[in-house]
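Examination of the molecular architecture
Below are the chains, spelled out letter by letter.
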Amino acid sequence: PNPAKKVQVDLVAYVPGLPKRATLVSGATTPQTWTLKNSAGVAVASGQSTPKGADATSGDSTHLIDFSSFDTPGTGYTLSVGEDTSFPFDISADPVKRLRYDSLAFFYHQRSGTPIEAQYVGDEYARPAAHLNVAPNQGDNNVPCRADLACGYTLDVRGGWYDAGDHGKYVVNGGIATWQLLNAYERASRLGDATAYRDGSMNIPEKANGVPDLLDEARWEVDFLLKMQAPDGMAHHKVHDANWTALPTRPELDDQPRRLSATSTAATLNLAAVAAQASRLWKSIDATYSSTLLAAARKAYAAAKANPAKLADPNDGTGGGAYSDDTVTDEFYWAASELYATTGDAAYRTDVTGSSHYKAASLNRGGFHWGGTAPLGDITLALAPNGLPAADVSAIKSAFASVADQHLTAMAGMGYAAPYDNSTAGYVWGSNSTVLNNAQVLALAFDFTGTAKYRDGVFEALHYVLGRNPLSTSYVAGYGDQAMVNAHHRFWAHQNDPALPIAPPGSLSGGPNSALQDPVAQRLLTGCPQQKCWVDDIGAYSVNEVAINWNSALAWVSGWAAEKSGT
Ligand code: 9MR
């Protein structure tokens, strides 16, 4: 389904002044001559490849092509070896600067409870408001708990972002996604250039309200997270349909009853962490909102301490994903870190310094994801001024550099370099988000040390996601001549209904998943090498869905990369 080239490049662009590497698929044991041609087909550079041998992760025998020395901006370059020619690509900083905003636009598209207006997204992506009690929707206005829970109240949980290709709204991955957007802003304000996210930078309804647009977009979900808090301070794990709906189903045509799942310790700590982080960021923008957030965060944290082992049911997967997580020490550390960074309170400090995760103790090549959040606490403690001993903050920063070194060592041995540890579980569901979260680790290592190799590693990760991979495919819709089109999504379901749109530019596919956890992947991909376990098919939800907590990683990394790409 995905004809691969023999010369694999980033199908979008290489940034002037930075390394430029490609991969040749070849079993030859001797160097091969490569030629770089401009858009007129004229050779502008040539050189010799370096044989790297067989690579089990991709199933290819590869050579490295390094054309870094050529640095003339332009469009439509190709790389050739013998008869084999790559897809075209640019040498330019422009595409990554567009991607910074297209990856963020994903979140407006995913908003629930509000019309998605043509003036912001164009006619084909516009749709009416949904899940507001307008038939056939059953609405998120007064949602009861699942019948077996009998919680005795309903909640108004309108708003927020749909998780992914389904219409569920889940606190744990909503938490990490929101945190990552807010962290992109906080990092840029302290160590970079937050004006990239200024009011008017994004095409959203709030683009002229005097508040940075990235914060406006994040607030859409922060407000939803607050609504998921139960009277006792705990947060419901999720709200979603009673049954799975068919593909396609436009959000406003979803007729399923909506139900709250039980509260959970993990969801409650996600709420505590994000509300505390947001309270810090809105302090000088909207003091009342900032206080509301802090009160919610404190209440949630106290509720989680009183209910430290209320785990989400791993079997609660009808009509929505389970998102169960049997370890919450990491969420406790993350939430305590955010609360401490925001308040300086001694009690939170004690919980931070007493945690087994303290000083990045659990940061490793596995990185972070919705179920493993301790590094989010580390990142906040390293970025936001706080009263911890300087030596401890230094230790956290050093951990980022040493894990980044481990990534770079592993990447040097790969045919298609990606910061990804496949040693325990192969390529997992959402592997592209893991690659990009690890790119965030590399980016922070650069921020903390200024060492160029870490910056170069971030761009290597982007090159992998944008086409330098064994499928010659850009996993980002709208970016590159062979880019993901048929995302698993109930509205962007063009493959099933030509009247509906394809995935909009800047949406990230989950990526290769060697566990093949859906019937389409099982039918088409059995026996695949790990990096080839992917297909651009709407039915292949375990490899080709989109999700807020994956696009947040793309937004963080592309925003950082855009900042480092000069003018
Ligand atoms: O991202 C989630 C991944 O880590 C899990 O392995 C997978 C199976 O439980 O679920 C993924 O999340 C999906 C969620 O359950 C439902 N909405 C779509 C999400 C992305 O595929």
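Structural data are supplied above this passage.
So, a few notes on the structure that sits alongside this text. (Residues numbered from 1 in each chain as written. Predicted model: local features only at pLDDT ≥ 70, side-chain atom pairs only at ≥ 80, totals over all residues. Heavy atoms only, no water.)

A word on the sheet that holds strand β16 (residues 258-260). One open sheet holds the 3 strands; their spatial order is β13-β15-β16, and the pairing between them is antiparallel. Since the sheet does not close on itself, it has two edges, and those belong to β13 (169-170) and β16, each with one partner. Taken together, the 2 bridges between β13 and strand β15 (residues 238-241) define a ladder with antiparallel strand orientation. Residue pairing in the sheet places K169 in a bridge with V239 of β15. (Pairing = 2+ DSSP bridges. Helix = DSSP H or I, 4+ residues; strand = E, 2+ residues; numbered from the N terminus.)

Here we come to the sheet that holds strand β1 (residues 7-8). With antiparallel pairing, the 4 strands of this open sheet are ordered in space as β1-β3-β7-β6. Each having just a single partner strand, β1 and β6 (50-55) make up the two edges of the open sheet.

The next subject is the pairing of β15. Sheet analysis places β15 next to β16, joined by 3 bridges and oriented antiparallel. Residue V239 lies in a different strand from β16, and its bridge partner there is L260.

On to helix α1 (residues 94-109). Spanning 16 residues, α1 covers 23 Å between terminal C-alpha atoms, matching the ideal 22 Å at 1.5 Å per step. Here α1 has its buried residues at P95, V96, L99, R100, S103, L104, F106, F107, Y108 and H109. (Expected span 1.5 Å × (residues − 1). Buried < 20%, exposed > 50% of the residue type's maximum accessible area, 1.4 Å probe, protein only.)

Let us now look at the site of the ligand. In the vicinity of the ligand, the residues found are D163, A164, D166, G321, Y323, W370, W429, E545 and W550. Here a nitrogen atom of the ligand sits 2.7 Å away from a polar atom, N or O, in the side chain of D163. Within the side chain of Y323, an N or O atom sits 3.1 Å from an oxygen atom of the ligand. Considered on its own, the ligand offers 450 Å² of accessible surface; in the complex 79% of this is hidden by protein. Broken down by class, the residue content of the shell around the ligand amounts to 5 nonpolar, 1 polar and 3 charged. (Near = heavy atom within 4 Å. Polar contact = N/O pair within 3.5 Å; in protein donor to acceptor, adjacent residues only side chain to side chain. Areas by Shrake-Rupley, 256 points an atom, 1.4 Å probe, with all protein chains shown as cover. Nonpolar A, V, L, I, M, F, W, Y, C, P; charged D, E, K, R; others polar.)

Here the focus is the state of the cysteines. For the structure shown, the criterion picks out 2 disulfides. C145 shares a disulfide with C151; S-S distance 2.0 Å. The disulfide joining C145 to C151 has a torsion of about 95° about its S-S bond and is therefore right-handed. The exposure class assigned to C145 is buried, which follows from its relative accessible area of 8%. A residue is classified by how much of its surface remains accessible, and C151, at 28% relative accessible area, is partly exposed. Between C528 and C533 runs a disulfide, and the two sulfur atoms are separated by 2.1 Å. What sets the handedness of the C528 and C533 disulfide is the S-S torsion sign, and at about 105° it is right-handed. With respect to class, C528 is no different from C533; both count as buried. For the chain, the disulfide bridges join cysteines in the arrangement 1-2, 3-4, where the cysteines are counted in sequence order. (Disulfide = S-S within 2.5 Å.)

Along the chain, A391 turns up in helix α10 (residues 390-412). Owing to a relative accessible area of 58%, A391 belongs among the exposed residues under this scheme. C-alpha of A391 to C-alpha of K359: the two residues are 32 residues apart in sequence and 9.9 Å apart in space.

Of note, the amide linkage connecting A135 to P136 takes the cis form, showing an omega dihedral of 5°. Among the structural elements, P136 can be located in the loop between α2 (118-121) and β11 (143-144). Backbone torsion omega between L247 and P248 reads -10°, so that peptide bond is classified as cis. For P248, the location among the structural elements is in the loop between β15 and β16. Positioned with a positive phi, H131 is a non-glycine residue whose angle comes to about 60°. One can find H131 in the loop between α2 and β11. Of note in the backbone geometry, Y323 takes a positive phi value of approximately 50° without being a glycine.

Moving on, we get to the side chain of T62. Relative to the elements of secondary structure, T62 occurs in strand β7 (residues 60-66). Apart from residues lying up to four places away in sequence, T62 is in contact with T23, L24, S26, P51, K52, G53, G415 and Y416. (Contact = heavy atoms within 4.5 Å.)

A word on the side chain of S279. Relative to the helices and strands, S279 resides in helix α5 (residues 265-282). When neighbours within four sequence positions are excluded, S279 is seen to be in contact with S290, L293, L294 and T342.

Right, let's get into the packing of helix α11 (residues 431-449) against helix α15 (residues 548-563). The geometry of α11 relative to α15 is characterised by a closest axis approach of 9 Å and an angle of 35° between their N-to-C directions. The interaxial crossing formed by α11 with α15 has left-handed handedness. Between α11 and α15, the contacting residues are S433, L436, N437, A439, Q440, A443, L444, F446 and D447 on the first element and N549, W550, A553, L554, W556, V557 and W560 on the second. Its residues assigned to classes, the contact of α11 with α15 comprises 11 nonpolar, 4 polar and 1 charged. (Axes fitted to C-alpha atoms, helices over the stretch in contact; angles between N-to-C directions. Left-handed = near helix turned anticlockwise from the far one by under 90°.)

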